[in-house]
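Each chain, written out:
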Amino acid sequence: MARGDRAAFEELYRRTSPWLAVRLHRRCADQQIVAEVMQETYLAVWRAAGSFAGSSTGGTAVGWLWTIAARRLVDAFRRRAHHAEPPAAAAPYPVAPAAEEEALVATVGGDVGDALRLLAPELRDVLQAMVLDGLTVRETAVLLGLPEGTVKTRARRARIAMREALA
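Quick caveat: nothing in here was measured; it's all calculated off a predicted structure. (Residues numbered from 1 in each chain as written. Predicted model: local features only at pLDDT ≥ 70, side-chain atom pairs only at ≥ 80, totals over all residues. Heavy atoms only, no water.)

A.B. asks: Got a sec to walk through the overall build of the protein? Specific residues and values, please.
C.D. replies: Scanning the protein for helices and strands turns up eight helices and zero strands. Accessible surface for the protein amounts to roughly 10,100 Å². Of this, 55% is attributable to carbon and sulfur atoms. (Helix = DSSP H or I, 4+ residues; strand = E, 2+ residues; numbered from the N terminus. Areas by Shrake-Rupley, 256 points an atom, 1.4 Å probe, with all protein chains shown as cover.)

Below, the structure written as structure tokens:
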């Protein structure tokens, strides 16, 4: 892809776009925002393919792709916040667990996995955005449509609940 190989880009898109769309939909119910973020993400990947350091830095292409998408989603929320009401941050109906949640539970077993499963969904969402996705308090607030103070409070409550569950 870094050398302009369209077939390589098409293969990356074919393999990753369904996963990325599901992951973005779990964070944003607005179909239009998700479509924009998908387009912007893959355009950025195509343009910056040569800058991907790859395994020499311990990173993966999927991790790089998600980092770009998560940042584009936060940017989209910021743009929309200036023009209209904030978009819904979560789907209005229950959805199946995301692949990353299932992978986390499978990877983080035992007491830590049990403690994560016992967290209230609103605490787990904040913990996931800040710890797993590496977002700042401000980015998490924009992503989830919450005030920054609420994000800080939920993050603190999540840490306390985890600490108590693991004690």
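There is more to say, and it comes next.
A.B. asks: Just give me the short version of the packing of aromatic side chains, but keep the residues and values in it.
C.D. replies: Per the counting criterion, the structure on display carries four aromatic pairs. Look at Phe9 and Trp46: their rings are 5.3 Å apart centre to centre, the planes differ by 70°, and that puts the pair in the edge-to-face class. Of this pair, Phe9 sits in helix H1 (residues 6-25) while Trp46 sits in helix H2 (residues 31-48), placing them 37 residues apart in sequence. Look at Trp46 and you get partly exposed, because its relative accessible area is 29%. Put simply, the rings of Phe9, Tyr13, Tyr42 and Trp46 pair up and form one aromatic cluster. Positioned above the aromatic ring of Trp66 is the side chain of Arg23, whose terminal nitrogen or guanidinium carbon lies 4.0 Å from the ring centre. (Phe/Tyr/Trp six-rings, centres within 6.5 Å; stacked < 30°, edge-to-face > 60°. Buried < 20%, exposed > 50% of the residue type's maximum accessible area, 1.4 Å probe, protein only. Lys NZ or Arg CZ within 6 Å of the ring centre and 35° of its normal.)

A.B. asks: Lay out the nonpolar core in plain terms, naming residues and giving numbers.
C.D. replies: Grouped together as the largest cluster of nonpolar side chains are 23 residues, with contacts concentrated most on Leu20, Leu24, Ile33, Met38 and Leu73. Of all the elements in the fold, those that place two or more residues in this core are H1, H2 and helix H3 (61-83). Broken down by element, this core gets its largest block of residues, eight residues, from H3. Excluding residues that lie within four positions of it along the chain, Leu20 makes contacts with Met38, Thr41, Tyr42, Leu65, Trp66 and Ala69. Counting seven residues, the second-largest nonpolar core is a separate cluster that includes Ala115, Leu116, Leu123 and Met162. (Core = buried A, V, L, I, M, F, W, Y, C linked by side-chain atoms within 4.5 Å. Contact = heavy atoms within 4.5 Å.)

A.B. asks: Mind laying out the packing of helix H6 (residues 121-132) against helix H8 (residues 148-166), listing which residues take part and the relevant values?
C.D. replies: At a minimum axis distance of 9 Å, the contact between H6 and H8 shows a crossing angle of 100°. Between H6 and H8, the interaxial angle falls into the category roughly perpendicular. Only Val151, Arg154, Ala155, Arg157 and Ala158 of H8 make contact with H6, whose side of the interface consists of Glu122, Leu123, Val126, Leu127 and Met130. (Axes fitted to C-alpha atoms, helices over the stretch in contact; angles between N-to-C directions. Parallel < 35°, antiparallel > 145°, perpendicular 65-115°, else oblique.)

A.B. asks: Give a detailed account of H8, specifying residues and quantitative values.
C.D. replies: Look at H8: 27 Å from first C-alpha to last across 19 residues, which is about the 27 Å you get at 1.5 Å a residue. All of the buried residues in H8 are Val151, Ala155, Ala158 and Met162. All buried residues of H8 fall inside an arc of 60° around its axis, so they share one side. Opposite the packed face of H8, turned more than 90 degrees from it, sit the exposed residues Arg156, Arg163 and Glu164. (Expected span 1.5 Å × (residues − 1). Arc of directions from axis to C-beta.)

A.B. asks: Go over the pattern of salt bridges with me, naming the residues and quoting the values.
C.D. replies: Scanning the model with the defined rule gives three salt bridges in all. Put simply, Glu11 and Arg14 hold a salt bridge, and the shortest N to O gap is 2.5 Å. Placement of the pair is Glu11 and Arg14 together in helix H1, with a separation of three residues, close to one helical turn. Taking the shortest distance from any N to any O, the salt bridge between Arg138 and Glu148 comes out at 3.1 Å. Of the two residues, Arg138 is situated in helix H7 (residues 137-144) and Glu148 in helix H8; the sequence distance between them amounts to ten residues. In this structure Glu148 comes out as partly exposed when scored by relative accessible area, which is 31%. Through salt bridges with shared partners, a single ionic network connects Glu11, Arg14 and Arg15. (Salt bridge = Lys/Arg side-chain N within 4 Å of Asp/Glu carboxyl O.)

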